[in-house]
Amino acid sequence: MIITILLLISVSSSLATDFTIFLEEVTWFKAREICAKNNQRLVSIESLEKQNEVVAFLARNVRQARISLWIGATDFGQEGQFRWINSGRPMDYTRWAKGEPNQMLGWERCVEIVYDYYTKWNYQWNDMSCERPRNVLCETVIECVCPKSV
């Protein structure tokens with residue numbers, strides 16, 4: 001199942017973000033391919049504002065008690081140094097769950113955003129093995145011609 005909606009990042013912004021959820025559990029690498037095939041990319045959450053937009057979108061559109069979605073960050077360059085794949089920038093803003101990232105067994109190189117009613121993970125981030133199947137959260141950043149406020 002695919003859920004998509006156009007969501008403005010902010011009223012004054014000249015950018016809009018189109019988020020898409022693919023409720024198909026795949027590896028992180030396959031998730032990247034799925035986004036690219038749809039002219040999108042894995043979501044980058046580089047600010048609290050963007051995190052809030054993603055959380056609002058997911059809260060409106062996902063009804064599971066637990067969901068994990070791949071986002072666009074890894075530590076492939078240097079273990080423990082997570083970066084956004086779309087910009088190459090280090091993760092200055094983070095929303096790691098308590099005790100994360102933990103690099104369990106040295107295999108956890110990709111990042112997921114997790115909502116879990118039972119463990120109280122409220123759209124927090126977790127490092128996970130890139131080979132574990134997860135749902136996919138893609139985005140398209142769209143430049144728009146927005147009317148100027150008066």
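Residues numbered from 1 in each chain as written. Predicted model: local features only at pLDDT ≥ 70, side-chain atom pairs only at ≥ 80, totals over all residues. Heavy atoms only, no water.

Novice: Before we move on, can you summarise the overall build of the protein with the specific residues and values?
Specialist: When helices and strands are counted, the protein shows two helices and eight strands. Counting over 150 residues, the protein shows a buried share of 45%. Sequence-distant contacts, at least 24 apart, represent 68% of the contacts inside the protein between residues at least 6 apart. Carbon and sulfur atoms provide 53% of the accessible area of the protein, an area that totals close to 8,400 Å². (Helix = DSSP H or I, 4+ residues; strand = E, 2+ residues; numbered from the N terminus. Buried < 20%, exposed > 50% of the residue type's maximum accessible area, 1.4 Å probe, protein only. Contact = heavy atoms within 4.5 Å. Areas by Shrake-Rupley, 256 points an atom, 1.4 Å probe, with all protein chains shown as cover.)

Novice: Provide a residue-level description of unusual backbone geometry, including the pertinent values.
Specialist: Across the chain, the bulk of peptide bonds are trans and the bulk of non-glycine residues have phi less than zero. In this structure, Pro101 follows Glu100 across a cis peptide bond, with omega equal to -5°. By the element assignment, Pro101 lies in the loop between strand 5 (83-84) and strand 6 (108-116). The phi angle at Asn39 is positive, at roughly 55°, despite the residue not being glycine. Position of Asn39 relative to the elements: it lies in the loop between helix 1 (28-37) and strand 3 (41-42).

Novice: How would you sum up the environment of Leu69? Please name residues and give values.
Specialist: Checked against the element boundaries, Leu69 lands in strand 4 (residues 66-74). In this structure the C-alpha to C-alpha distance between Leu69 and Arg134, which are 65 residues apart in sequence, comes to 5.5 Å. Filtering out sequence-adjacent residues up to four positions away, Leu69 remains in contact with Ile21, Leu58, Val111, Glu112, Ile113, Asn135, Val136 and Leu137.

Novice: Help me get a handle on the state of the cysteines, residues and values and all.
Specialist: Applying the stated criterion across every chain, the model contains two disulfides. Between the sulfur atoms of Cys35 and its disulfide mate Cys138 the distance is 1.9 Å. Residues Cys35 and Cys138 are joined through a disulfide that is left-handed, its torsion about the S-S bond being -80°. A residue pair is termed long-range when its members are at least 10 positions apart, and Cys35 in helix 1 and Cys138 in strand 8 (residues 134-143) qualify at 103 residues. Like Cys138, Cys35 is buried. (Disulfide = S-S within 2.5 Å.)

Novice: Can you explain the confidence of the model for the protein? Please cite residues and give values.
Specialist: Segments scoring low in pLDDT should not have their predicted coordinates read at a detailed level. For the protein, the average pLDDT comes to 87, and 84% of its residues sit at 70 or higher. Every residue in residues 4-14 scores below 50 in pLDDT, and together they form 33 contacts with partners more than four places removed in sequence or on other chains. (pLDDT = per-residue confidence, 0-100.)

Novice: Explain the environment of Ala65 to me, and be specific about the residues and the numbers.
Specialist: Among the structural elements, Ala65 can be located in the loop between helix 2 (48-61) and strand 4. For the pair Ala65 and Tyr118, spaced 53 residues apart in sequence, the C-alpha separation works out to 7.6 Å. Sequence-distant contacts of Ala65, defined by excluding residues within four places in its chain, comprise Tyr115, Asp116, Tyr117 and Tyr118.

Novice: Lay out the nonpolar core with the relevant residues and their values.
Specialist: Counting residues in hydrophobic clusters, the biggest one holds 22 residues, and the most contacted among them are Ile45, Val54, Leu58, Ile71, Ile113, Trp125 and Leu137. At the level of elements, strand 2 (15-26), helix 2, strand 4, strand 6 and strand 7 (121-129) are the ones that each hand at least two residues to this core. Ranked by residues supplied to this core, first place goes to strand 4 with four residues. Phe22, Val26, Trp28 and Ile34 belong to the second-largest nonpolar core, a separate cluster that totals 13 residues. (Core = buried A, V, L, I, M, F, W, Y, C linked by side-chain atoms within 4.5 Å.)

Novice: Which residues make up the pairing of strand 4, and what values do they have?
Specialist: In terms of burial, strand 4 is largely enclosed, as eight of its nine residues are buried. Sheet topology places strand 4 next to strand 6; six bridges connect them, and they run antiparallel. Residue Trp70 lies in a different strand from strand 6, and its bridge partner there is Glu112. (Pairing = 2+ DSSP bridges.)

Novice: Requested: an account of the pairing of strand 6, with residues and values cited.
Specialist: In terms of burial, strand 6 is a largely internal element, eight of the nine residues being buried. Sheet topology places strand 6 next to strand 7; eight bridges connect them, and they run antiparallel. The residue of strand 7 that forms the bridge with Tyr115 is Asn122. Counted between consecutive antiparallel strands, the loop separating strand 6 from strand 7 contains four residues, among which Lys120 sits at a positive phi close to 70°.

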